[in-house]
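Observations on the three-dimensional arrangement
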Amino acid sequence: MRAHARAAGINPQLLMAVLYNESYKPHDPASERAWQRLDPDASFGVANMHKAAFDDTKRGRAFADRDWQELPDDRDLAVQAAAWYLHDLNTRLPRRWSGRYHRTELLALGYNAGPGAMRAFARGARPGPVARAYLDR
């Protein structure tokens, strides 16, 4: 976890907090695949990453040849992808923002709610109850 955070240039405590927040569901590969058959938009792996986020994040990275379907079986890949996704979210933040959240909070909110919502929170929008609970955890 620390190595992936360092390689992506993000705070390892942020990565660990995101992984903690994403630990709300069982991360057994068979259970995740069974759930995915019921909900094709479900997320995979210990970092609960959605396919679109994984596919965007892996471009140009050492794991570019890997597939989202591997996340349930490869915790290291899931952590690596989460670290780089947080890195990419960081590049999407405005240089300055008027909202009350600091960078780490915005990145956590971005991981939970997506980059568009993260930028809205940076401009002062208030998170809804789910995003607020995520941040509080």
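Report follows, based on the coordinates. Since we're looking at a predicted model, the values are computed, not measured. (Residues numbered from 1 in each chain as written. Predicted model: local features only at pLDDT ≥ 70, side-chain atom pairs only at ≥ 80, totals over all residues. Heavy atoms only, no water.)

1. Re the overall build of the protein chain
Broken down by element type, the protein chain carries 8 helices and 0 strands. Listed N to C, the secondary structure of the protein chain is α-α-α-α-α-α-α-α in terms of helices and strands. C-alpha atoms of the protein chain, sized along the principal axes, occupy 45 × 30 × 20 Å. Counting the 137 residues in the protein chain, one finds 45% classified as buried. Partitioning the contacts of the protein chain with sequence separation of at least 6, the portion at a separation of at least 24 is 55%. A total accessible area of about 7600 Å² is found for the protein chain, and carbon and sulfur atoms account for 51% of it. Computed over 21 positive and 16 negative side-chain charges, the inter-centroid distance for the protein chain is 10 Å. (Helix = DSSP H or I, 4+ residues; strand = E, 2+ residues; numbered from the N terminus. Buried < 20%, exposed > 50% of the residue type's maximum accessible area, 1.4 Å probe, protein only. Contact = heavy atoms within 4.5 Å. Areas by Shrake-Rupley, 256 points an atom, 1.4 Å probe, with all protein chains shown as cover. Lys, Arg positive; Asp, Glu negative; His and termini not counted. Charge placed at Lys NZ, Arg CZ, Asp CG, Glu CD.)

2. A look at the layout of surface pockets
Roughly 420 Å³ of internal volume is contained in the largest pocket. Of all elements in the fold, only α4 (51-58), α5 (75-92), α6 (103-113) and α8 (129-136) reach the threshold of two or more residues within the lining of the largest pocket. Among the elements that make up the lining of the largest pocket, the one with the highest residue count is α4 (4 residues). Here the lining of the largest pocket is built from residues that sort into 9 nonpolar, 6 polar and 5 charged. (1 Å grid on protein atoms, 1.4 Å probe; cavity = no way out; pocket = protein on both sides within 12 Å on 5 of 7 lines; lining within 4 Å. Points joined across faces, edges and corners; volume = space filled by probe spheres on them. Nonpolar A, V, L, I, M, F, W, Y, C, P; charged D, E, K, R; others polar.)

3. Looking at the packing of aromatic side chains
Summed over the entire model, instances satisfying the criterion amount to 3 aromatic pairs. When the ring of Phe44 is compared with that of Trp68, the centres are 4.3 Å apart and the planes differ by 20°; the resulting orientation is stacked. Of this pair, Phe44 sits in the loop between α3 (29-38) and α4 while Trp68 sits in the loop between α4 and α5, placing them 24 residues apart in sequence. Since its relative accessible area comes to 0%, Phe44 is described here as buried. Overall, Trp68 belongs to the buried group, its relative accessible area being 3%. Seen in terms of ring centroids, Phe54 and Phe63 are 5.9 Å apart; in terms of plane orientation they differ by 40°. Their pairing is tilted. Overall, Phe54 belongs to the buried group, its relative accessible area being 0%. By relative accessible area, Phe63 is classed as buried at 2%. (Phe/Tyr/Trp six-rings, centres within 6.5 Å; stacked < 30°, edge-to-face > 60°.)

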